[in-house]
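The lines below spell out each chain.
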Amino acid sequence: MKRAEVRQLQAWLDGVDRFNATPGEGTTRGVYTPEDVAARDYVKKEMEQLGLTVSQDPMGNLFGELPGTDPELAPVWTGSHIDTVPNGGKFDGLAGVFAGMEALRLIKESGLPHRRTLSVNVYSGEEMSRFGICCIGSRALTGRLKAEDLQERRSPEGQSIYDAIKDCGYEVDSFDEAYPHKKEIYASLELHIEQNSKLEKAGLPLGIVTGICAPTNLSVVVKGVQTHAGGTSMADRRDAFMAAAEMAAELERLARESKSAYITGTVGHVEVLPNAANVIPGEVRFTVDIRSVSAEDKDELYQALRKAYDNIASRRGVSVEITLLNHDKPLLCDEAICRLLREKAAALAVPCMDIVSGPYHDSLLLGDLTKVGMLFVPSRDGISHDRNEWTDTADIARGTDVLAETMLALANEL
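Structure report, in brief. (Residues numbered from 1 in each chain as written. Predicted model: local features only at pLDDT ≥ 70, side-chain atom pairs only at ≥ 80, totals over all residues. Heavy atoms only, no water.)

1. Remarks on the overall build of the protein chain
Working step 1: Broken down by element type, the protein chain carries 13 helices and 16 strands.
Working step 2: The C-alpha radius of gyration computed for the protein chain amounts to 23 Å, which stays within 12% of the reference 22 Å derived for 414 residues, consistent with globular compactness.
Working step 3: Its C-alpha atoms give the protein chain principal-axis dimensions of about 80 × 45 × 40 Å.
Working step 4: The buried share of the protein chain, taken over its 414 residues, is 54%.
Working step 5: For the protein chain, contacts bridging at least 24 residues in sequence account for 79% of all contacts bridging at least 6.
Working step 6: On the protein chain, roughly 17,400 Å² of surface is accessible, and the fraction owed to carbon and sulfur atoms is 48%. (Helix = DSSP H or I, 4+ residues; strand = E, 2+ residues; numbered from the N terminus. Rg over C-alpha atoms; globule rule 2.2 N^0.38 Å. Buried < 20%, exposed > 50% of the residue type's maximum accessible area, 1.4 Å probe, protein only. Contact = heavy atoms within 4.5 Å. Areas by Shrake-Rupley, 256 points an atom, 1.4 Å probe, with all protein chains shown as cover.)

2. Considering unusual backbone geometry
Working step 1: The residue after Tyr179, namely Pro180, is reached through a cis peptide bond having omega -5°.
Working step 2: Positionally, Pro180 belongs in the loop between helix 7 (175-178) and strand 5 (187-193).
Working step 3: Of note in this structure, Asp381 is not a glycine but carries a positive phi near 60°.
Working step 4: Examined against the element boundaries, Asp381 turns out to sit in the loop between strand 16 (371-377) and helix 13 (393-411).

3. Describing the packing of aromatic side chains
Working step 1: If you walk through the whole model with that rule in mind, you get 7 aromatic pairs.
Working step 2: For the pair Trp12 and Phe98, a centre-to-centre distance of 5.7 Å together with 25° between the ring planes defines the contact as stacked. A residue pair is termed long-range when its members are at least 10 positions apart, and Trp12 in helix 1 (residues 6-16) and Phe98 in helix 3 (residues 94-110) qualify at 86 residues.
Working step 3: Relative accessible area serves as the criterion here: at 1%, Phe98 is assigned to the buried category.
Working step 4: Each ring, one from Phe286 and one from Tyr309, has its centre 6.2 Å from the other, and the planes form 65°; the classification is edge-to-face. Taken together, the residues span a long stretch of sequence, with Phe286 in strand 12 (residues 283-292) and Tyr309 in helix 10 (residues 295-316) at a distance of 23 residues. (Phe/Tyr/Trp six-rings, centres within 6.5 Å; stacked < 30°, edge-to-face > 60°.)

4. Quick word on the pattern of salt bridges
Working step 1: Under the criterion given, the structure shown has 22 salt bridges.
Working step 2: Between Asp14 and Lys90 there is a salt bridge, with the nearest N and O atoms lying 2.6 Å from each other. Taken together, the residues Asp14 in helix 1 and Lys90 in the loop between strand 3 (76-80) and helix 3 connect sequence positions 76 residues apart.
Working step 3: The exposure class of Asp14 is partly exposed, given its relative accessible area of 38%.
Working step 4: Overall, Lys90 belongs to the buried group, its relative accessible area being 18%.
Working step 5: Residue Arg105 is joined to Glu109 by a salt bridge in which the shortest nitrogen-to-oxygen separation is 2.9 Å. With Arg105 and Glu109 both in helix 3 and 4 residues apart, this pair spans about one turn of that helix.
Working step 6: Here Arg105 falls in the buried class, since its relative accessible area comes to 11%.
Working step 7: Residue Glu109 is classed as exposed on the basis of its relative accessible area, which comes to 54%. (Salt bridge = Lys/Arg side-chain N within 4 Å of Asp/Glu carboxyl O.)

5. Overview of the side chain of Ser260
Working step 1: Of note, Ser260 is situated in the loop between helix 9 (240-257) and strand 9 (263-266).
Working step 2: Polar contacts involving the side chain of Ser260 include one to the main-chain carbonyl oxygen of Tyr262, which spans 3.3 Å.
Working step 3: Non-local contacts of Ser260, meaning those with residues more than four positions away in its chain, are made with Ser292, Ser294 and Asp297. (Polar contact = N/O pair within 3.5 Å; in protein donor to acceptor, adjacent residues only side chain to side chain.)

6. A closer look at the packing of helix 1 against helix 3
Working step 1: Direction vectors running N to C along helix 1 and helix 3 enclose 135°, while the axes themselves pass 10 Å from each other. Viewed along their axes, helix 1 and helix 3 adopt a mutual orientation that is oblique. Where helix 1 crosses over helix 3, the two elements pack in a sense that is right-handed. Together, Gln8, Leu9, Trp12, Leu13 and Val16 of helix 1 and Leu94, Ala95, Phe98, Ala99, Met101 and Glu102 of helix 3 make up the contact between the two elements.
Working step 2: Grouping the constituent residues of the contact of helix 1 with helix 3 by class yields 9 nonpolar, 1 polar and 1 charged. (Axes fitted to C-alpha atoms, helices over the stretch in contact; angles between N-to-C directions. Parallel < 35°, antiparallel > 145°, perpendicular 65-115°, else oblique. Left-handed = near helix turned anticlockwise from the far one by under 90°. Nonpolar A, V, L, I, M, F, W, Y, C, P; charged D, E, K, R; others polar.)

7. Considerations on a negative patch on the surface
Working step 1: Side chains of Glu148, Glu152, Asp176 and Glu177 sit close together on the surface and give a patch of like negative charge.
Working step 2: Here Glu177 lies in helix 7. (Patch = residues over 30% accessible without salt bridge, like charges linked within 9 Å, V, L, I, M, F, W, Y side chains within 5 Å. Lys, Arg positive; Asp, Glu negative; His and termini not counted. Charge placed at Lys NZ, Arg CZ, Asp CG, Glu CD.)

8. Remarks on the nonpolar core
Working step 1: In this structure, Tyr32, Val43, Met59, Phe98, Met101, Ile136 and Met407 are the most contacted members of the largest nonpolar core, which totals 93 residues.
Working step 2: Here this core gets 10 residues from one element, more than from any other, and that element is helix 3.
Working step 3: Membership of the second largest hydrophobic core comes to 25 residues, among which are Ala240, Ala244, Leu301 and Ala313. (Core = buried A, V, L, I, M, F, W, Y, C linked by side-chain atoms within 4.5 Å.)

9. Here's the deal with helix 11 (residues 335-347)
Working step 1: Taking 1.5 Å of rise per residue, 13 residues should cover 18 Å, and helix 11 covers 18 Å from first to last C-alpha, within 8% of that figure.
Working step 2: Taken residue by residue, helix 11 has Ile337, Cys338, Leu340, Leu341 and Ala345 as its buried positions. Angular distribution of buried residues about the axis of helix 11 spans 160°; they occupy a single face of the element. Opposite the packed face of helix 11, turned more than 90 degrees from it, sit the exposed residues Glu335, Glu343, Ala346 and Ala347.
Working step 3: The N-capping residue of helix 11, defined by a side-chain oxygen 3.2 Å from the backbone nitrogen of Ala336, is Asp334.
Working step 4: Just past helix 11, the residue Ala349 takes up positive phi, approximately 60°. (Expected span 1.5 Å × (residues − 1). Arc of directions from axis to C-beta.)

Remember that the coordinates give geometry; whether it matters functionally is a separate question.
Pasting the structure below:
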């Protein structure tokens, strides 16, 4: 089989980046926006030019298939997402979509037989930026997203997921007929940028992901008493912000002291009301993001956090309301696929290391449907979700070669 073409991968990355709401200020392509629809149409046309059979489901998930010689066998999937965070980079998600397309091109042009159908997929709404929920498309495929969620989940502007999909012209009213996914899938692979600096620091071009951390997301509202900053003594204050600040510090302490192999705790969004310099805040709203590769460790931290927040609120004379937004389970990647990825990397002389994924990916959800494997390629300085995100296209090409060889091997397994 020929090797992946850096020039082709770069052309696709540059081509799709034209569909961007913030040119010159990073890449912004929220799911179900005009930019997202245009990017999806671009990818669809490029898939068709490769000779793939392209279909789209009610959530806008794209499937570009290369039929196998025995189409009754369960297919092998690969793919990722094309939506971005606001003012993000152009590699997160996109690298995996175009690596999958290039892998199928290489397999097709090689003429080598493959019994199972191969499919490169674009999953809708992996980022949670627009509707406050991650992996919208893959959640639907696995049955973790329900029709009522489409009406209840809304953007900051108040638009529901349902209305946003309807505006795109997708067949969202067929939701209950389409999901969860009805057909068996043999295996699913995903190439992704690392979004950390472990590979770069190790001087290695490839990581074999052994496990994917899952998020637990909370919305927290702290209510105290809004009053004058000078007129209220320190003893008489019921300061919502200071209570929230202590809660944030407690999250950090619990995560740092956890014995988990990998766990993180983050306060990422904070609103202070009324947000005036001479007013003691009466209300604070903030988010909590907890991730771990161990479901048990994550549950333990979550329960300890709830108890600690209640204690802080009681001691400071404020109230706290904690809403659980999602509580996903981590995924351990399939050991046989991990071995196969290592074997193919060795055969291609691509040095690699095992690695845990702190960020979640569509593969986390797809583990409900099939066995999963992931590959990471390096991120310069570990930067992602930022306009300075950068991955060398030559590294994406090396990862694509390993992806293609692994997909071909899986496609001929029985």
